[in-house]
Amino acid sequence: MLIVWILAPVILTLLIIIIVRWRIFKPTLQSESSSRNICINEKRVIESLKMMIRFKTVSYEDKSQEDHHAFEGFKTYLRTRYPLIEKNSTIKEISETGILFHLKGQSYECPTVLMSHYDVVPENGKWDHDPFSGEEIDGRIVGRGTIDTKSTLCAVMEAVEQHLSKNGKLKQDMYLAFSGDEETRGPSANAIVKHLQSQG
């Protein structure tokens, strides 16, 4: 009973603090900068993703089954489809399938890394459409990589290319890091990490 008499004032005090803080709390208003209009060339983005899907960058544990031309073709496509990134980057191919774009900004102190992978798993199961056609059906693009994760890679490249076309420069250094062997837990992502560590 003594414990109840000791704890009762403590609990009552905590309840009073909670109620008072709840009554005086006023949420901060969100900045309106996020609502500014951003124009996206939807047609271009769709075409870019369709082309990315058409590269049969299928990863296998047994590397002899892979189409190495597809992987090389994909990396070449990135360089040609995104000329401003190509022009403003130091590009390094790392390990078997990794590619790293380094865009210099006005400062190198707080760099950003945007990453994705461009390999896909084999087309298992029954497909109603060619998994590497990049067809657009009922407003959706069909194919391997549309979700996991050429769509992410496409979004990164399109956004950075558009930013460079509008602004011509970056405030901070930016790295675009892509591997082509994520599905088989290949060495490229780790090799990119080690390369960045070696650069400090």
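Before reading on, note that the structure itself is shown above.
Residues numbered from 1 in each chain as written. Predicted model: local features only at pLDDT ≥ 70, side-chain atom pairs only at ≥ 80, totals over all residues. Heavy atoms only, no water.

### Quick look at the packing of aromatic side chains
As a reminder of what qualifies: Put simply, two rings from Phe, Tyr or Trp (the six-membered ring, in Trp's case) pair if the centres are within 6.5 Å, and we call them stacked under 30 degrees between planes, edge-to-face over 60, tilted for the rest.
Per the counting criterion, the structure on display carries 5 aromatic pairs. Cluster of aromatic residues (ring-pair linked, three or more members): F55, F71, F74, Y77 and Y118.

### Quick notes on the side chain of H117
Short version of the rule: Every helix listed is a DSSP run of H or I at least four residues long, and every strand listed is a run of E at least two residues long, numbered separately from the N terminus. To sort residues, take the accessible area from a 1.4 Å probe on protein chains only and compare it with the maximum for the residue type: under 20% means buried, over 50% means exposed, and anything in between is partly exposed. Here a polar contact is taken to be a pair of N or O atoms separated by no more than 3.5 Å, where protein atoms must pair a possible hydrogen donor with a possible acceptor and residues adjacent in sequence count only if both atoms sit in side chains. When checking whether two residues touch, look at their non-hydrogen atoms; a contact exists if any pair is within 4.5 Å.
The topology assignment puts H117 in strand β3 (residues 107–117). Among the residues examined, H117 registers a relative accessible area of 7% and is labelled buried. Within the local environment of H117, its side chain forms a polar contact with the side chain of D148, the two groups lying 3.0 Å apart. Within the structure, the side chain of H117 is placed 3.1 Å from the side chain of E182, a separation counted as a polar contact. Among all residues touching H117, those that are not within four sequence positions of it are D148, T149, K150, L153, S179, E182 and E183.

### Brief notes about helix α5 (residues 150–167)
Using the following cut-off: Helix span is expected to be 1.5 Å times the residue number reduced by one.
With 18 residues, α5 ought to run about 26 Å at 1.5 Å a step, and its terminal C-alpha atoms sit 25 Å apart, in line with that. Three or more residues of α5 are buried, namely K150, L153, C154, V156, M157, E158, V160, E161 and L164. Of the surrounding secondary structure, the elements contacted by the buried residues of α5 are α2 (42–54), α3 (68–81), α4 (83–88), β2 (98–103), β3 and β6 (172–179). Once α5 ends, the next one or two residues include G168, with phi positive near 75°.

### Some words on the pattern of salt bridges
So the rule is basically this: A side-chain nitrogen of Lys or Arg and a carboxyl oxygen of Asp or Glu constitute a salt bridge if their distance falls within 4 Å.
A full pass over the atoms with the stated rule returns 9 salt bridges. With a closest N to O distance of 3.2 Å, K50 and E136 form a salt bridge. Taken together, the positions of K50 in helix α2 and E136 in strand β4 (residues 136–137) put the pair 86 residues apart, joining distant regions of the chain. Given the relative accessible area of 41%, E136 is considered partly exposed. Here D128 and K126 are joined by a salt bridge, their closest N and O atoms 3.7 Å apart. Residue classification places D128 among the exposed residues on the basis of a relative accessible area of 66%. Relative accessible area serves as the criterion here: at 74%, K126 is assigned to the exposed category.

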